Structures are given as structure tokens and as C-alpha cells.
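The lines below spell out each chain.
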Amino acid sequence: MLNKSFYLILIITSIIGISFWIGFNINLLPEEASINAPIYDELFKILFIIGLILFIGMTALVIFSLFKFRKKEGQFGDGIALEGNLSLEIIWTVIPSIIILFVGIYSYNIYERMGGMNELNHHHENLNTNSEKIWAGINKINNKSGFGQTAIEVSAMQFAFLFNYPQGEFISGELHVPVNQEISIKMESKDVIHAFWIPEFRIKQDIIPGQPTILNFTPTKTGKYPIICAELCGPYHGGMRASIIVEEQSDYEKWFKQNNKINL
Ligand SMILES: [Cu+2]
């Protein structure tokens, strides 16, 4: 008996150990290119490890059962009927409840740290929003009122994104932003629900007709990253993509000057 539980503990410990090792050493996500990314990835790692423990544990149990409970020679029927197992039922109710509760609270904490729980409707100095209500989004992480230095308006329509730079009064098909600076985007849809998603930044927000939403983020790496519509919005939804170009401050200013329609 002691032998049996010893092996059981050994197997469970090694499954947990292997899951943690894979979780911390194998990265399935694209590169981290904004200050939101490392925060989000913490949660992903934990979810990945929980998933691995379940997957490896279940697979091991199925393989074990295939051999252990094979039909024996001369065996007919299914054996004695079993009715209920209170301790087993308590275990498989309590453990998942604890896991779900932990994931829920931890997700809330991550969303809060990314600025998702911050008040959205204080003064927006840089955008002519008047008293327009912002319905949803991610605010600045430091929860300072107002928009970041670089304020950009995003229009989404079937099947494109357009980027309006109010400070230069021009519209671009590509989103250019300076690196290591807080960017604020206000998003509106011309038709149906779209979503603004940059996988490398780990941010995503719905764009809803008649209900403006915002996103605040700070890119940390220069480069070109995809902007993807993540809400099935029509037959060419799959082609609704744009690019965000994160560049050094000087390159960004050069690009901005080339496009600027004010003070020419
Ligand atoms: Cu779309």
C-alpha cells in the first residue's frame, strides 16, 4: 500500500515538474513589443502550465487504464455496478473550483495592471472628444488623466483600418508610432463591429459603431507588426489587416513632417 502511494506521489510530482519546466522554457507567443506584453505573458504562462498538467495527467491516466483495466480472459459483462463515490466527487468539485477561482482573480489582477480597470472618461486634452462617452478600453497604466503624447484616431470599416493624426490633420493607411512613448488611440467603426488586435503588443479591443473605445499602450521595440481585425466582420474579414511601424523618435518625426498638413 505504501509502495503504491509512493509511486502515485512520484508520478504526480514529476507531471507537475515537467509541466512547469515546459511552461517556463517553451515560448509559444510572438515577441514582446510593448509594456503590456510581459504582464499578459505572466498569465499565459500560468494557464499554459495548468493546461499541461491536465493534458499530461489525463493522457497518462488513459494509457494506464488501457492496460490496467483490460478485459481479462474469460471475463463477461462489465463487472459490479458502482454507485457514487463521495470522496472522489468532493475532490473533482473542489480542485477545479479552486483553479477556476484562482484564474479568475489572477486575470482580473492582470487586466487591472494593464490599465483595463482605470476610469476612461476624464478629460482628453489632445482629442476633440468634447464630452463624448468612451465605452470601453484600456487606459494608461499609471492612470494619469488625459491622453498620451501621441493621440491617434482609428476608423475601422469593411475591410480596412484608417489612421487619422489630428495633430497633423492627415490620414494614413499605416500606423506609425514612436518607440517608448505612450500612444493613445481612439477607435470608431463606420459600419459593423471590428476589433483592433496587435499580437506582439498583447492588446485587443473591440471597435463598436456609435460607441467609441480607446487603447493606451507603449511600444518597446522598433519594427513592423501586424494589426489584425479580430472580430468576424464580413466576407473579407480575413483580409482586414494593417501594419504598425514602431520607429525611433527622429524617424517618426521625419515621417510625420512629410505627411503633416498643418503649417506647411
Ligand atoms: Cu473587421
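(A) Region of interest: the pattern of salt bridges. Inspection of the entire model under this criterion finds five salt bridges. Lys221 is paired through a salt bridge with Glu31; the nearest N and O atoms lie 3.5 Å apart. Residue Lys221 is found in the loop between β9 (213–217) and β10 (223–229), and its partner Glu31 is found in the loop between α1 (2–25) and α2 (36–68); the two are separated by 190 residues along the sequence. By relative accessible area, which is 41% here, Glu31 ends up partly exposed.

(B) A look at the packing of aromatic side chains. Per the stated rule, a full pass over the model turns up 16 aromatic pairs. Here the basic side chain of Lys204 rests over the ring of Trp197, its NZ or CZ set 5.2 Å away from the ring centre.

(C) Representation of the sheet that holds strand β1 (residues 136–138). With respect to topology, six strands assemble into an open sheet ordered β1-β9-β6-β2-β3-β4, the strand pairing being mixed. Unpaired on one side and paired on the other, β1 and β4 (170–172) mark the two borders of the sheet. Here the average twist between neighbouring strands, direction ignored, is 20°. The pairing of strand β3 (residues 160–165) with β4 spans three bridges and is classified as antiparallel. Paired with Asn164 across the strands is Ile171, a residue of β4.

(D) Seen up close, helix α4 (residues 249–259). Every buried residue of α4 is listed here: Tyr252, Trp255 and Phe256. Down the axis of α4, the buried side of the element spans an arc of 100°, and every buried residue falls inside it. Those residues of α4 that are exposed and angled more than 90 degrees off the buried face are Lys254, Lys257 and Gln258. Looking at the buried side of α4, the elements it contacts are β2 (150–157), β3, β4, β5 (175–178) and β11 (241–247).

(E) How the structure looks around the coordination of the copper ion. Protein-derived ligands of the copper ion are His194 (ND1), Cys229 (SG), Cys233 (SG) and Met240 (SD), with the metal-ligand distances lying across 2.1 to 2.4 Å. The site at the copper ion holds four donor atoms, and with the angles between them running 93 to 122°, its shape is tetrahedral. We note that the donor set of the copper ion lies within a single chain, spaced as H-x34-C-x3-C-x6-M. Within this pair, whereas His194 is found in strand β7 (residues 194–198), its partner Cys233 is found in the loop between β10 and β11, the two being separated by 39 residues in sequence. Residue classification places His194 among the buried residues on the basis of a relative accessible area of 0%.

What counts and how
- Residues numbered from 1 in each chain as written.
- Predicted model: local features only at pLDDT ≥ 70, side-chain atom pairs only at ≥ 80, totals over all residues.
- Heavy atoms only, no water.
- Salt bridge = Lys/Arg side-chain N within 4 Å of Asp/Glu carboxyl O.
- Helix = DSSP H or I, 4+ residues; strand = E, 2+ residues; numbered from the N terminus.
- Buried < 20%, exposed > 50% of the residue type's maximum accessible area, 1.4 Å probe, protein only.
- Phe/Tyr/Trp six-rings, centres within 6.5 Å; stacked < 30°, edge-to-face > 60°.
- Lys NZ or Arg CZ within 6 Å of the ring centre and 35° of its normal.
- Pairing = 2+ DSSP bridges.
- Axes fitted to C-alpha atoms, helices over the stretch in contact; angles between N-to-C directions.
- Arc of directions from axis to C-beta.
- Contact = heavy atoms within 4.5 Å.
- Donors = N, O, S within 2.8 Å, 3.2 Å for Na, K, Ca; no water.
- Tetrahedral: all angles 85-135°; square planar, octahedral: opposite > 155°, others 65-115°.

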